[in-house]
Amino acid sequence: PEPQRAGDLSPAPPPLDWFVDAARQFLQLAAASVSEEGTRARCRRAQPLLALPVVGTGNGGARTASGRMISRLLEVLYDFTAVHDIDVALVVKGERRFSAAQALRRQMAPAWEDTLGARLCGAALELAQRATADELALFIGAGVSVGAGLPAWQGGPPPPPP
């Protein structure tokens, strides 16, 4: 907490641990609610999705420590998702905080080799080698193009121009 000046009656902001504990409590209560209600994933997701803002960094007591708060919350989220079949999106406000969150996430994430395992790692390396050698053509379904903002072509592609 920041020290108070003489004559300043405003309370000192709570420490970062206070906000982190609040986020941890929210996640535990949300996980219990998802479990009790049998909440299913929506929008073709494999798992239910929770959203967590970077608590305290707007006008709250952690607004001057947003980088440290993001780092602490990412640790909590990695721990939480390791033991729950629930995805969590960390919601950040502004490009600077988003960039900070992405950089920290990349530093904290397990190596892709550890995540994929030996068999999928081998397949990924083979695909990379084939792509480098110009021996690879991708056939991608509509899900990729729609996600990129292209039309879905529900009734097939449009007719060629006259």
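Residues numbered from 1 in each chain as written. Predicted model: local features only at pLDDT ≥ 70, side-chain atom pairs only at ≥ 80, totals over all residues. Heavy atoms only, no water.

Looking at the packing of helix 2 (residues 66–83) against helix 3 (residues 95–108)
Defined as follows: Lines fitted to C-alpha atoms define the axes here, with helix axes fitted over just the stretch in contact, and angles between the N-to-C directions of these axes take values from 0 to 180 degrees. Secondary structure counts use DSSP, requiring at least four H or I residues in a row for a helix and at least two E residues in a row for a strand, with both numbered from the N terminus. In what follows, roughly perpendicular refers to angles from 65 to 115 degrees, roughly parallel to angles under 35, roughly antiparallel to angles over 145, and oblique to any angle outside these ranges. The handedness criterion is simple: a crossing whose near helix is rotated anticlockwise from the far helix by less than a right angle is left-handed, and one whose near helix is rotated clockwise is right-handed. Contact definition: two residues touch when any of their heavy atoms are within 4.5 Å. Amino acid classes used here: Ala, Val, Leu, Ile, Met, Phe, Trp, Tyr, Cys and Pro are nonpolar; Asp, Glu, Lys and Arg are charged; the rest, including Gly, are polar.
Here helix 2 crosses helix 3 at 45°, and the two axes come no closer than 10 Å. When the axes of helix 2 and helix 3 are compared, the pair comes out oblique. In the crossing of helix 2 with helix 3, the sense of the turn from one axis to the other is right-handed. Residues Ser66, Gly67, Ile70, Ser71, Leu74, Glu75 and Tyr78 of helix 2 pack against Arg97, Ala100, Ala101, Leu104, Arg105 and Met108 of helix 3. Residue classes in the contact of helix 2 with helix 3 are distributed as seven nonpolar, three polar and three charged.

A word on the nonpolar core
Here is the rule: By nonpolar core is meant a set of buried Ala, Val, Leu, Ile, Met, Phe, Trp, Tyr and Cys residues that side-chain atoms within 4.5 Å join together. In this scheme, a residue with accessible area under 20% of its type's maximum is buried, one over 50% is exposed, and one in between is partly exposed, where area comes from a 1.4 Å probe on protein chains only.
Leu27, Leu50, Met69, Leu73, Phe80 and Val88 are the most contacted members of the largest nonpolar core, which has 25 residues in total. Counting only elements with at least two residues in this core, the list comes to helix 1 (16–37), strand 1 (49–53), helix 2 and helix 3. A per-element tally of this core places helix 1 first, with eight residues. Excluding anything up to four places from it in sequence, Val88 contacts Leu27, Leu49, Leu50, Leu52, Leu77, Phe80 and Thr81.

Topic: the environment of Pro14
In this fold, Pro14 is placed in the segment before helix 1. Sequence-wise, Pro14 and Ala62 are 48 residues apart; in three dimensions their C-alpha atoms are separated by 7.9 Å.

Remarks on the packing of aromatic side chains
Rules: Note on aromatic contacts: the rings of Phe and Tyr and the six-membered ring of Trp form a pair at centre separations within 6.5 Å, being stacked when their planes are under 30 degrees apart, edge-to-face when over 60 apart, and tilted otherwise.
As enumerated under the stated definition, the model contains one aromatic pair in all. With a centroid separation of 5.0 Å and 90° between ring planes, the pair formed by Trp18 and Phe19 is classed as edge-to-face. With relative accessibility at 7%, the residue Phe19 sits in the buried group.

A word on the pairing of strand 1
Worth spelling out the cut-off: At least two DSSP bridges between two strands are needed for those strands to be called paired. Seen with its strands pointing away from the viewer, a crossover is right-handed if its path from the first strand over the helix to the second goes clockwise.
In strand 1, alternate side chains face the same way, and those of Leu50 and Leu52 are buried while those of Leu49, Ala51 and Pro53 on the opposite face are not. As judged from the five bridges shared by strand 1 and strand 2 (residues 87–91), these two strands associate in the parallel manner. What sits directly across from Leu49, in strand 2, is Asp87. Following the backbone out of strand 1, through helix 2 and into the adjacent parallel strand 2, one traces a crossover that is right-handed.

Overview of a nonpolar patch on the surface
Test applied: Only residues whose relative accessible area exceeds 30% and that form no salt bridge enter a patch; like-charged residues are grouped when within 9 Å of one another, and nonpolar side chains (Val, Leu, Ile, Met, Phe, Trp, Tyr) when within 5 Å. The protein chains shown are the only cover counted for residues, whose accessible areas, like all others here, come from Shrake-Rupley with a 1.4 Å probe. For this document, the term salt bridge refers to a Lys or Arg side-chain nitrogen within 4 Å of an Asp or Glu carboxyl oxygen.
Taken together, Trp112, Leu116, Leu120 and Leu125 make up a surface patch of nonpolar side chains, about 350 Å² in accessible area. Structurally, Leu120 is set in helix 4 (residues 112–132). Accessibility expressed as a relative area gives 37% for Leu120, which makes it partly exposed.

Some words on helix 4
Since there are 3.6 residues in each turn of an α-helix, residues three or four apart along the chain are aligned in direction. Quick note on the threshold: Multiplying one less than the number of residues by 1.5 Å gives the expected span of a helix.
Taking 1.5 Å as the rise per residue, helix 4 with 21 residues should run 30 Å; its terminal C-alpha atoms sit only 20 Å apart, a clear shortfall. Downstream of helix 4 by a residue or two, Asp134 has a phi angle that is positive, lying close to 55°.

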